[in-house]
Amino acid sequence: MSENVKVDARGLSCPQPVLETKRAIERAQGGELTVLVDTATSRENVKRFAEHAGWQVETASVEDYYEVRLKK
């Protein structure tokens, strides 16, 4: 899959951002995903989950939220 899928999990409390990421990963099965979250805790939880699932992860702070970029 070459498209970049975007998951907007801002405003969701844990574990919802991780569950939304899990669904997107299952659909994508590779490629690139960008997950938007608005807390450092959600950023770390999504990062840890994605790395455990075998994805490369980069995070960036953007204005008042975080981008978690996943690649496989």
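For the structure itself, consult the block above.
The model shown is predicted, which means the values in this text are computed figures rather than measured ones.

J.: Residue-level account of the environment of Glu63, with values.
T.: Here Glu63 shows up in the loop between β3 (56-62) and β4 (65-71). We classify Glu63 as exposed; its relative accessible area is 77%. Once the C-alpha coordinates of Glu63 and Asp38 are considered, the two residues, 25 residues apart in sequence, prove to be 9.9 Å apart.

J.: Give me the lowdown on helix α1 (residues 16-28), citing residues and values where you can.
T.: Its 13 residues give α1 an end-to-end C-alpha distance of 18 Å, which sits within 8% of 18 Å, the value for a rise of 1.5 Å per residue. Residues of α1 that are buried in the fold lie against β1 (4-8), β2 (32-37), α2 (40-52) and β4. Once α1 ends, the next one or two residues include Gln29, with phi positive near 55°.

J.: How would you sum up unusual backbone geometry? Please name residues and give values.
T.: Residue Cys14 is joined to Pro15 through a cis peptide bond whose omega torsion reads 10°. Within the element layout of this structure, Pro15 appears in the loop between β1 and α1. Of note in the backbone geometry, Gln29 takes a positive phi value of approximately 55° without being a glycine. For Gln29, the location among the structural elements is in the loop between α1 and β2. We classify Gln29 as exposed; its relative accessible area is 68%. For Glu63, which is not a glycine, the phi torsion comes out positive at approximately 50°.

What counts and what doesn't
Residues numbered from 1 in each chain as written. Predicted model: local features only at pLDDT ≥ 70, side-chain atom pairs only at ≥ 80, totals over all residues. Heavy atoms only, no water. Helix = DSSP H or I, 4+ residues; strand = E, 2+ residues; numbered from the N terminus. Buried < 20%, exposed > 50% of the residue type's maximum accessible area, 1.4 Å probe, protein only. Expected span 1.5 Å × (residues − 1). Contact = heavy atoms within 4.5 Å.

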